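# Overview (structure and organization)
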Amino acid sequence: MAHYGVAEAKNKFTHLLERVEDGERIVITRHGKVIAEIVKAAPVEPSTDVSEEAIAAALENLRMVRESLPPAHMPAADFIRQLRDEGI
């Protein structure tokens with residue numbers, strides 16, 4: 001397990017990630033105190049078990065939310081520019 005100060009870890013971050021990918025654990029310290037440990041993440045497998053009923057329910061919820069919103073009186077881009085120009 002390698003130890004790095006915050007500044008050195010910041011400067012070598014890409015290299016440290018490569019070491020972590022190879023299975024090494026990296027400890028980050030600040031003023032000699034351990035503040036973080038970087039470890040390789042466990043692989044995450046995407047879930048593909050989504051039922052037709054769950055999809056239909058999600059779409060119905062989305063439809064209900066959309067219908068509850070007031071109609072847009074201008075395109076979104078114009079609305080964002082207006083907010084920007086008004087300083088909001």
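Attention here is on the structure that accompanies the text. The structure displayed is predicted, hence computed values, not measured ones.

Within the chain, the regular secondary structure consists of 4 helices and 3 strands. Each helix (α) and strand (β) of the chain, taken in turn from the N terminus, gives the series β-α-α-β-β-α-α. Its C-alpha atoms give the chain a radius of gyration of 24 Å, more than 25% over the compact-globule value 12 Å for 88 residues. Seen through its principal axes, the chain has C-alpha atoms that stretch 55 × 45 × 20 Å. Sequence separation of 24 or more characterises 27% of the internal contacts of the chain that already satisfy a separation of 6 or more. Accessible surface for the chain amounts to roughly 7700 Å². Of this, 59% is attributable to carbon and sulfur atoms. Charge-centre separation for the chain: the mean point of 11 positive side chains lies 11 Å from the mean point of 15 negative side chains.

Before going further, it helps to examine helix α2 (residues 13-21). Restricting attention to buried positions, one finds in α2 the residues Leu16, Arg19 and Val20. Along α2, the residues classed as buried sweep out an arc of 100 degrees about the axis, all on the same side. Away from its buried face by more than 90 degrees, α2 exposes Thr14 and Glu21. In this structure, the buried side of α2 is in contact with β1 (2-5), α1 (6-11), β2 (26-30) and β3 (33-38). Gly23 occupies a position one or two residues after α2 and carries a positive phi of about 100 degrees.

Counting residues in each nonpolar core, the largest one holds 8 residues, listed as Ala2, Tyr4, Ala9, Leu16, Val20, Ile26, Ile28 and Ile38. At the level of secondary structure, the elements contributing two or more residues to this core comprise β1, α2 and β2.

Looking at the secondary structure, you find Thr29 in strand β2. Sequence-distant contacts of Thr29, defined by excluding residues within four places in its chain, comprise His3, Tyr4, Gly5, Val6, Val34 and Ile35.

What the rule picks out here adds up to 7 salt bridges. With a closest N to O distance of 2.7 Å, Glu67 and Arg63 form a salt bridge. One end of the pair is Glu67 and the other is Arg63, both in helix α3 (residues 52-68) and 4 residues apart, which spans about a single turn. Overall, the relative accessible area of 53% leaves Glu67 in the exposed class. One salt bridge in this structure joins Arg84 and Asp85, with 3.0 Å as the shortest N-O distance. Assessed through its relative accessible area of 55%, Arg84 is described here as exposed. Where salt bridges share partners, they join Glu60, Arg63 and Glu67 into one cluster.

What counts and how
- Residues numbered from 1 in each chain as written.
- Predicted model: local features only at pLDDT ≥ 70, side-chain atom pairs only at ≥ 80, totals over all residues.
- Heavy atoms only, no water.
- Helix = DSSP H or I, 4+ residues; strand = E, 2+ residues; numbered from the N terminus.
- Rg over C-alpha atoms; globule rule 2.2 N^0.38 Å.
- Contact = heavy atoms within 4.5 Å.
- Areas by Shrake-Rupley, 256 points an atom, 1.4 Å probe, with all protein chains shown as cover.
- Lys, Arg positive; Asp, Glu negative; His and termini not counted.
- Charge placed at Lys NZ, Arg CZ, Asp CG, Glu CD.
- Buried < 20%, exposed > 50% of the residue type's maximum accessible area, 1.4 Å probe, protein only.
- Arc of directions from axis to C-beta.
- Core = buried A, V, L, I, M, F, W, Y, C linked by side-chain atoms within 4.5 Å.
- Salt bridge = Lys/Arg side-chain N within 4 Å of Asp/Glu carboxyl O.

So yeah, pure geometry; function would need other evidence.
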